[in-house]
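Close look at the chain arrangement
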Amino acid sequence: MLIISFFKWWYTRGLKNYFLKFFDTLKNAADFFSIRLLISNFFSPFRQISAEKTTSLALDARIRAFFDYLLSCVIGAIIRFFILVIGTVVIIIQTVLGLICGVLWPLAPALIVYCFVLYSKGIMF
Amino acid sequence: MDSFNPHSIRAKKARAGKILNSAPFRILSTVLIIFGLFAFVFFIFSAPLCKTNCAVEFTFRSPVGWIFLAVSTLLFMIRLWAKDDCDRVPLGKTDNINDILSANVMIALGKSPTPVSFSGKLYKTRSGKFLSLRFNITKDFLTKIASELPEDMSSVFATAREIRAEIDAEVVSGGILATAIIANHPNHEEFLRGLKLELSDLKNGVDWYNHLYGLVKSANKHRRDGGIARDFSFGYIPTLSRYAVNISERRSRGPKTQIHLSSHREIIQKMLEAFSKGGRQNIALVGPEGSGRSTIIDAFAEELMDADVKLPSSLKYRQIYTLDATALISSAGERGQLENLMTIVLNEAYAAKNIILCLDNAQLFFEEGVGSVDISNVLMPIIDAGQLRLIFTMDEQKFLEISARNSTLANKLNKVVVDPANEAETMKIMEDNILSLENKYGVTFEYLALKESYRLSERYIHDLVMPGRALNLLESSANYAENKIVTIVSVKSAVEKTKGVRLSAANSETDKKELLNLEEKIHERMIDQTEAVKTVSDALRRAAVGVRNENRPIGTFLFLGPTGVGKTELAKSLAEVYFHGENNLIRLDMNEFINSTDVARLIEEGKDNSESLTAQVMKQPFSVVLLDEIEKAHPSVLTTLLQLLDEGILRDAGNHEVSFRDAILIATSNAGAEKIREYVESGKNLANLKESLINEMIHSGQFKPEFLNRFDEICLFSPLGKSELRQIVDLIIKSVNKTLEPQKISVELSEDAKDILVERGYDPKMGARPMRRIIQKTVENLVARQVLEGDASSGTTIKITPDML
């Protein structure tokens, strides 16, 4: 009875909970690396370094402010790009590993049986 | 009929889970899993030790490695199952008791449960343990009232099912089952009364446990807050960081702030709406201290930082900084510097693009006068432009003051009123805060301590409102825990120590002795008036053991009698004996309140007149309030005092409730003095005069019957005779000796000398009053002269004989 219950759980709630946790982990990773924010603010100035309003300044000052702004945006884009790359790599690795485990999950009971078959037949790599 | 089936699949899972989730199994299985994987790799993948030129090729390679892999995989699967499916066995599909019992209850019930057998195992369930600890429901208590019959289990289960439905619990936990066992006893109310509990308290306790369990679970959950690049698009704020605290950062760790008040939830919604739409980007949270303004801001800050909450992008990840007014003001030394500093801070906040600035106790920034600060000129353009989000907090009074001074500013603020919490809400808030308080102080709070905190804080803490005042007291009581348990006694101790009062006078043996000998103690400093002293003592003894109406003053007495017979002295004695100090006497001469306009002076606010009756009692609620010569007060004044005598409450001019419920109120009057003297001189018993004297005072219009009826006791003071005066001489000489004690000089009076003093000081109309003057003129002057002439030095006893007087 308990064994049936175990297998029932394994192929229903167990599998479902595994995937829920897997997606949760991916969400946490995406949040940790601020993926959504990095994409939506990719070209925003970094830390608002040149946020001062330039309307009342002279032309040369306005030009300088414009280049400050541009530089700030470029710095922001570079930093964001690197974090995006690192974050994406981490998420891809997590996804691949998670999916492998997800595929192995339903196969695990069969794997145990298969191991015994391999042993009984004396098969090796 | 409900019956527990120990062979149900849920029960089996629960028992399996107990073993599989036990620490020894977890350690052993982990070791075996790791070992199995290594063994698998070792046996399946290891290379031959000698590949070439060997007589015999030797290798560890063996198919047994597959067995190790199979065992490791199986153990790993069992571990996953045990954790997910057996620890908290999911509910079944029906409403049958076997489908709704919690896992640890099913383990504790065993194979043939009875109510009494479960009682012995209550500690084995988490919520049962919680109930035992917080409500003092011991194993002995439960065993005593639980039935021994197995068939009674079905009615216990039925009650448990009802309780589960009532408190909307997920499972029937140990706590619910224990409550059901208690509820099933016909005399449970009586048993619980012994523990000062009701059945509803236990139900609240189970609900409390479930709530805390949920909080702990949510605290362990990862909170998404935007990640490492969250603030990349927002500016630096070096100056603002120096003068402000980042609430959002502080609140991003630990459990989320719980909002129990629907009004507070509405306020947060209003804040979200105000800040997400155009228009005035400010909120003024107006409410009394302790009403939860800070909690609202904390919860709002958390909501903005929570990645899972749906918010407009213009509000997402905005951070709330609270300006530190003291740091700002102390940094700005010269005139104008503060305005400059504020401009820098505000510019930074604006340029950063993600700041919501909070001015806590905002009135500090808008004050007028010497040494105060008014930055409304700096803030007004910003409020007008609406480009920087601002939150102001202040109390209603301060808001009114600001409105009166600067109506333009007040009109531009989006005022939101924060109301104090009621009892149920305050209890919930305290229950939520328990975990952090227990963690902070390393103590455990009993449920009754929370209830007591509410009750006593409502009565004795006036500078805060609920829930702040109850939380404040609860936190203070942690310092008075015994054996690390905070009980009712701890809460009472906290009030007694911080307010300098005795909540229950008859607690210790010394206190009981003092109360029993109250008359003796009073007579140590006053002579005669045995009847009056006894009447007052009896009333106070009744009050001390709780046999009194808690919604009235401890005692209200009207002392009638001629001058100089000890009316005031008895009031002073009471302050000394009952409140442990003559300083706890608030004395008002009612001849200063002879006009109807004087009522205003009587109830003036403390900030306008610290000597008004209400102001003095607010500062010192545990006092003897002495209203001298009450007959001289204007009838309007007496009418004002009616509510005080009746309900123990008086409202001051600012409409603040001032409690007199911890005070002894004594009014004295010389009305009827002549009649008392005549009555006593004619040799009659004074006790027989009381009724006719009261009637006469009512008929003559001196006092209204409704006024006199409101006193607990009316005491008549008899005039003093020569024999009493002689004793008073002894008392006065005793006090003279006490004064001379530091100089080691004492005074002794011969019997003849006393007689002379009594003759000289006796005045039937003035009582004992002339006696002090006589002793001052004679004895004290004599001592002074002798000291100056060198006749009396340290260690001298001056013996006074008639010839020296």
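Refer to the preceding data block for the structure.
Summary of the structure given here. Once a new chain begins, its residue numbering starts again from 1 and follows that chain's sequence as written. Going through the entries in the order they are written, you letter the chains from A and number the ligands from 1. Given that this is a predicted model, residues contribute local features only at a pLDDT of at least 70 and side-chain atom pairs are listed and counted only at 80 or more, while totals for whole chains, interfaces and linings are drawn from all residues. The side-chain figures draw on all heavy atoms in the structure; neither hydrogens nor water molecules are used.

1. Comments concerning the pairing of strand S3 (residues 319-323) of chain B
Residues and elements named next belong to chain B. Within S3, five of the five residues are buried, leaving the element largely enclosed by the surrounding structure. Relative to S3, strand S1 (residues 244-246) runs antiparallel, the two sharing three bridges. By the bridge assignment, Asn 246 is partnered in S3 with Tyr 321. Only protein chains enter the accessibility calculation, which uses a 1.4 Å probe. A residue is then buried if its area is under 20% of the maximum for its type, exposed if over 50%, and partly exposed in between. Strands are runs of DSSP state E lasting at least two residues, helices are runs of H or I lasting at least four, and both sets are numbered from the N terminus onward. Here the rule is simple: two strands pair whenever DSSP picks up at least two bridges between them.

2. Describing empty space enclosed by the protein
Residues and elements named next belong to chain B. With a 1 Å grid spanning the protein atoms alone, the term cavity applies to any set of points in which a 1.4 Å probe fits but cannot get out, the term pocket to an open set with protein on both sides within 12 Å along at least five of seven lines, and the term lining residue to any residue with an atom within 4 Å of a point. Grid points are joined across faces, edges and corners, and a volume is the space filled by probe spheres set on the points. Using the criterion set out here, one finds two cavities of 30 Å³ or more in the structure. In this structure, the largest cavity spans a volume of roughly 80 Å³. Along its surface, the largest cavity is lined by Arg 223, Arg 224, Asp 225, Arg 251, Ser 252, Glu 302, Met 305 and Asp 306. Residue composition of the lining of the largest cavity, by class: one nonpolar, one polar and six charged. Think of it as three bins: nonpolar holds Ala, Val, Leu, Ile, Met, Phe, Trp, Tyr, Cys and Pro, charged holds Asp, Glu, Lys and Arg, and polar takes everything else, Gly as well.

3. Some words on the packing of helix H23 (residues 447-460) of chain B against helix H25 (residues 488-499) of chain B
Residues and elements named next belong to chain B. Running from N to C, H23 and H25 point in directions that differ by 25 degrees, and their axes come no closer than 8 Å. The angle between H23 and H25 falls in the class roughly parallel. The way H23 lies across H25 gives a crossing that is right-handed. Facing Leu 448, Ala 449, Glu 452, Ser 453, Arg 455, Leu 456 and Tyr 460 of H23, the residues of H25 in contact are Ile 488, Val 491, Lys 492, Val 495 and Lys 499. Across the contact of H23 with H25, the residue classes tally to seven nonpolar, one polar and four charged. An axis is simply a line fitted to the C-alpha atoms; with a helix, the fit covers only the stretch in contact. Between two such axes, the angle follows the N-to-C directions and lies from 0 to 180 degrees. Each angle gets one of four labels, with under 35 degrees taken as roughly parallel, over 145 as roughly antiparallel, 65 to 115 as roughly perpendicular, and the rest as oblique. We call a crossing left-handed when the near helix sits turned anticlockwise from the far one by less than a right angle, and right-handed when that turn is clockwise. Any pair of residues with heavy atoms lying within 4.5 Å of one another is described as a contacting pair.

4. Overview of the packing of helix H9 (residues 153-167) of chain B against helix H12 (residues 199-220) of chain B
Residues and elements named next belong to chain B. Interaxial distance between H9 and H12 falls to 10 Å at its minimum, and their mutual angle equals 60 degrees. Here H9 lies oblique to H12, going by the angle between them. As for how H9 packs across H12, the hand of that crossing is right-handed. Note on element contacts: H12 touches H9 through Lys 203, Val 206, Asp 207 and Asn 210, opposite Ile 163, Glu 166 and Ile 167. For the contact of H9 with H12, the residue count by class is three nonpolar, one polar and three charged.

5. Details of the sheet that holds strand S14 (residues 664-669) of chain B
Within a sheet, each strand pairs with its neighbour through backbone hydrogen bonds, oriented either parallel or antiparallel. Residues and elements named next belong to chain B. In space, the five strands of this open sheet follow the order S10-S11-S14-S9-S15, with parallel pairing throughout. Each end of this open sheet is capped by a strand with a single partner; those strands are strand S10 (585-589) and strand S15 (713-716). Strand-to-strand twist of the sheet, defined as the mean angle between neighbouring strand axes without regard to direction, takes the value 20 degrees. Pairing geometry for S10 and strand S11 (residues 624-628), over five bridges, is parallel. Paired with Leu 588 across the two strands is Leu 627, which belongs to S11. Packed on one face of the sheet, helix H28 (residues 530-544) meets strand S9 (555-560), S14 and S15 and runs near 155 degrees to S15.

6. Points about the pairing of strand S17 (residues 797-800) of chain B
Residues and elements named next belong to chain B. Side chains of S17 alternate between two faces, with Ile 798 and Ile 800 buried and Thr 797 and Lys 799 left unburied. Across four bridges, strand S16 (residues 746-749) lies against S17 in parallel orientation. Bridge pairing links Glu 748 to Lys 799 in S17.

7. Side note on the side chain of B:Asn282
Residues and elements named next belong to chain B. Take Asn 282: it is sitting in strand S2 (residues 282-286). Looking at Asn 282, the relative accessible area reads 1%, which means it is buried. Discounting chain neighbours no more than four positions away, the residues touching Asn 282 are Phe 275, Ile 383, Leu 390, Phe 392, Lys 412, Leu 413 and Asn 414.

8. Let's talk about helix H33 (residues 673-681) of chain B
All names here are of chain B. Those residues of H33 lying buried are Ala 673, Ile 676, Arg 677 and Tyr 679. Taken around the axis of H33, the buried residues stretch over an arc of 165 degrees, which confines them to a single face. Exposed positions of H33 whose direction lies more than 90 degrees from the buried face are Glu 678 and Glu 681. The elements touched by buried residues of H33 are S9, helix H34 (690-699) and S15. Taken from the residues just after H33, Gly 683 is the one with a positive phi, measuring 85 degrees. What the arc covers is the set of directions going from the helix axis to the C-beta atoms.

9. Overview of the packing of aromatic side chains
In this analysis, rings of Phe, Tyr and Trp, with Trp reduced to its six-membered ring, are considered paired at centre separations within 6.5 Å, and the interplanar angle assigns stacked below 30 degrees, edge-to-face beyond 60, and tilted for intermediate values. Applying the stated criterion to the full structure yields 37 aromatic pairs over all chains. Centre to centre, the rings of A:Phe6 and A:Trp10 are 6.2 Å apart; their planes meet at 35 degrees, and the pair counts as tilted. Separated by four residues within a single helix, A:Phe6 and A:Trp10 lie in helix H1 (residues 2-11), roughly one turn from each other. One exposure class covers both A:Phe6 and A:Trp10, and it is buried. The interplanar angle of 0 degrees and the centroid separation of 6.4 Å between the aromatic rings of A:Tyr18 and A:Phe22 together place this pair among those described as stacked. Here A:Phe22 and A:Tyr18 lie together in helix H2 (residues 13-32), a separation of four residues that amounts to about one turn. Among the residues examined, A:Tyr18 registers a relative accessible area of 18% and is labelled buried. We classify A:Phe22 as buried; its relative accessible area is 8%. Put simply, a charge is over a ring when the Lys NZ or the Arg CZ is close to the ring centre, within 6 Å, and near the line of the ring normal, within 35 degrees. The aromatic ring of B:Tyr317 is capped on one face by B:Lys316, whose charged end is 5.8 Å from the ring centroid.

10. Regarding the interface of chain B and chain A
Between chain B and chain A, the contact holds 44 residues from the first and 41 residues from the second. Carbon and sulfur atoms supply 69% of the area that chain B and chain A bury against each other, a total of about 3,900 Å² over both sides. Between A:Arg13 and B:Asp85 there is a salt bridge; the shortest N-O distance is 2.2 Å. Any N or O atom pair separated by 3.5 Å or less is treated as a polar contact, with the protein-specific requirement of one donor-capable and one acceptor-capable atom, and with residues adjacent in sequence counted only for side-chain atom pairs. Taken together, the links from chain B to chain A amount to 19 residue pairs in polar contact (both at pLDDT 80 or more). Counting residues per element, the side of chain B that touches chain A draws most heavily on helix H3 (residues 64-86) of chain B, which supplies 13 residues. The residue inventory of the side of chain B that touches chain A, partitioned by class, reads 27 nonpolar, seven polar and 10 charged. Defined in terms of a 1.4 Å probe, buried area is the accessible area two parts forfeit on being brought together, summed over both. Each reported salt bridge corresponds to a side-chain nitrogen of Lys or Arg within 4 Å of a carboxyl oxygen of Asp or Glu.

11. Quick word on the pattern of salt bridges
Residues and elements named next belong to chain B. With the rule as written, the count across this model stands at 37 salt bridges over all chains. Between Glu 166 and Lys 203 there is a salt bridge, and its shortest N-O distance comes to 3.2 Å. On the criterion of sequence distance, the pair formed by Glu 166 in helix H9 and Lys 203 in helix H12 is long-range, its members being 37 residues apart. The salt bridge involving Glu 396 is made with Lys 415; its shortest N-O contact spans 3.2 Å. Separated by 19 residues along the polypeptide, Glu 396 in helix H20 (residues 396-405) and Lys 415 in strand S6 (residues 415-417) bring together distant segments of the chain.

12. Topic: helix H38 (residues 769-789) of chain B
Each full turn of the α-helix corresponds to 3.6 residues, which orients residues three or four apart in the same direction. Residue and element names in this part refer to chain B. Helix length check: H38, at 21 residues, gives a terminal C-alpha distance of 30 Å against a target of 30 Å (1.5 Å per residue), a fit within 8%. Turning to H38, its buried residues number three or more, namely Pro 770, Met 771, Ile 774, Ile 775, Thr 778, Val 779, Leu 782, Val 783 and Gln 786. Of the surrounding elements, those touching the buried residues of H38 are helix H36 (722-740), S16, helix H37 (751-761) and S17. Among the residues trailing H38, Gly 790 stands out with phi positive, at a value near 85 degrees. How far a helix is expected to stretch is found by multiplying one less than its residue total by 1.5 Å.

13. Quick word on the state of the cysteines
Covalent bonding between the sulfur atoms of two cysteines defines a disulfide. Residue and element names in this part refer to chain A. Only a pair of cysteine sulfur atoms within 2.5 Å qualifies as a disulfide here. Taken as a whole, this structure holds zero disulfides over all chains when the rule is applied. With no disulfide partner, Cys 115 has as its closest neighbouring cysteine sulfur the one in Cys 101, 16 Å distant. Overall, Cys 115 belongs to the buried group, its relative accessible area being 1%.

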